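One-letter residues, chain by chain:
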Amino acid sequence: MNQELTDEINNVRGLLEARLLTLDDKRSILRSIELKALYERIKTLPDENKAAYGQAVNELRRHLDQLVGEAEGFAQALAPIDVSAPFAVNSAKDRRPGLLPANYGSEHPIMSEQTKILSIFKGMGFSIVESREIDDDWHMFGALNFPEGHPARDDYDTFMTIQTDPKGKQWIAPAHTSTMQNRILERYKPELDGGQPIAVVIPGRVFRNEDVDARHEHTFYQMEGVYVGENVSIGNLIATLKTFLESYYETEIKVRTQPFYFPFTEPSLEFSMGCPFCNQKGCRVCSHSGWIEMLGCGMIHPNVLQYAGIDHDKYQGFAWGCGIERFIMLKHGIEDIRLFESGRLDFLRQFSLGGGSQ
Ligand code: DAH
């Protein structure tokens, strides 16, 4: 067989080998028109070339058949991998971890209740911004109007790192979500300038070097609220919190405020609700006083507005900070805050789907 005929077959071989790599259905290469054309070509050749040419084409077909077989074997050896699988579903059957039944685990009550709380504020027009778990001295104290060396700093038993921030101060595990106030005011100031009030709630995990007991945890959740606009009064503060409480506890609620002190609000208030469990007649939940302290709040101190570049003659605002666990404990009659982080399944399962609370 002459070189020209050999080349003809070799060209088709190169072409089909290259195409094979791109095909999903590898076997279809054996039905390709180029291969068929080679078989057709046999008939057109002079008799002395037919046998050798036919053999060479058969040889090419066998070669392609072998390549197809190898590719299919390889594909079988590599079972498809589900890269989104939660764990090793790709491993051999006998080595797979057992799946948990759906009724075994559940969302933690802090998270599910926090979602309810946030959605109430969302409905009232508040945006939600998450707090953070490490902060600096300025946001924990300075921007909140705690002067250096002020005794009120000692009210917060803060955990601090050994490392220091660029100003040489230790980093802080936030002891309250108020650390976010300055950031929120700065971030939303352009909207305020554009005529929109600032209305933000800030959930977050906070840390205090507390002695732990049924009412105190070293790690717990808070939610801060910040509202700034024109002609904002303490009446707006009280109405906002009352509306929230009535929505969360699904009953009419009486509220009461008493003077308090926080450096970042003036006036500062302690906010209580009439005990909804005994209709203020006195019970164990309200320590027989008819009232339950819920949170700290007040009108944002002019210095705090000013530190964020907000004109405190034109704008006023209110803020509050509350413990999420406290709301949940009251709602569900939970008597010990330590249960939340205890990992006790009998406690947690009461909140699972269908489990309900007490
Ligand atoms: N940060 C305070 C605390 O954890 C609570 C608080 C009081 C927050 C008054 C506020 C506020 O925003 O205005 O004790």
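Above: the structure in question.
Residues numbered from 1 in each chain as written. Predicted model: local features only at pLDDT ≥ 70, side-chain atom pairs only at ≥ 80, totals over all residues.

## So, the nonpolar core
For soluble globular proteins, nonpolar side chains are generally found buried alongside one another.
Here is step 1 of the chain: Counting residues in each nonpolar core, the largest one holds 56 residues, and the members touching the most others are Ile184, Leu185, Ile198, Val200, Val228 and Cys297.
Here is step 2 of the chain: The dominant element in this core, judged by the number of residues it contributes, is strand β4 (residues 198-207), at six residues.
Here is step 3 of the chain: The residues touching Leu185, leaving out its near neighbours within four places in the chain, are Ile198, Val228, Leu305, Ala308 and Ile310. (Core = buried A, V, L, I, M, F, W, Y, C linked by C-beta atoms within 7 Å. Buried ≥ 20, exposed ≤ 12 C-beta atoms within 10 Å, placed from the backbone. Helix = DSSP H or I, 4+ residues; strand = E, 2+ residues; numbered from the N terminus. Contact = placed C-beta atoms within 7 Å.)

## Things to note about helix α6 (residues 181-193)
Since the α-helix turns once every 3.6 residues, residues separated by three or four places project in the same direction.
Here is step 1 of the chain: With 13 residues, α6 should reach 18 Å at 1.5 Å per residue; the first-to-last C-alpha distance of 17 Å fits that figure.
Here is step 2 of the chain: Considering bend angle alone, the principal kink of α6 is centred on Arg187 and spans about 40°; proline Pro190 follows within four residues of it.
Here is step 3 of the chain: Among the residues of α6, those classed as buried are Gln181, Ile184, Leu185, Tyr188 and Leu192.
Here is step 4 of the chain: If you follow the buried residues of α6, they end up packed against β4, β5 (219-229), α8 (302-307) and β9 (316-323).
Here is step 5 of the chain: At the exit of α6 stands Gly195, carrying a positive phi of roughly 100°. (Expected span 1.5 Å × (residues − 1). Bend = angle between axes of the 7 residues up to and from the residue.)

## Brief notes about the sheet that holds β4
Here is step 1 of the chain: Ordered in space as β1-β4-β5-β9-β8-β7-β6, the seven strands form an open sheet in which the pairing is mixed. Of all the strands in the sheet, the pair left with one neighbour each is β1 (127-128) and β6 (255-260).
Here is step 2 of the chain: Relative to β9, β5 runs antiparallel, the two being bridged by eight bridges. Within the sheet, the bridge partner assigned to Tyr227 lies in β9 and is Phe318. (Pairing = 2+ DSSP bridges.)

## Topic: the site of the ligand
Here is step 1 of the chain: Taken together, His176, Ser178, Glu224, Phe262, Thr265, Gly296, Cys297, Gly298, Ala319, Trp320 and Gly321 make up the full set of residues adjacent to the ligand.
Here is step 2 of the chain: Contributing elements (two or more residues each) for the shell around the ligand: β8 (291-300) and β9.
Here is step 3 of the chain: Here the shell around the ligand is built from residues that sort into four nonpolar, six polar and one charged. (Near = placed C-beta within 6 Å. Nonpolar A, V, L, I, M, F, W, Y, C, P; charged D, E, K, R; others polar.)

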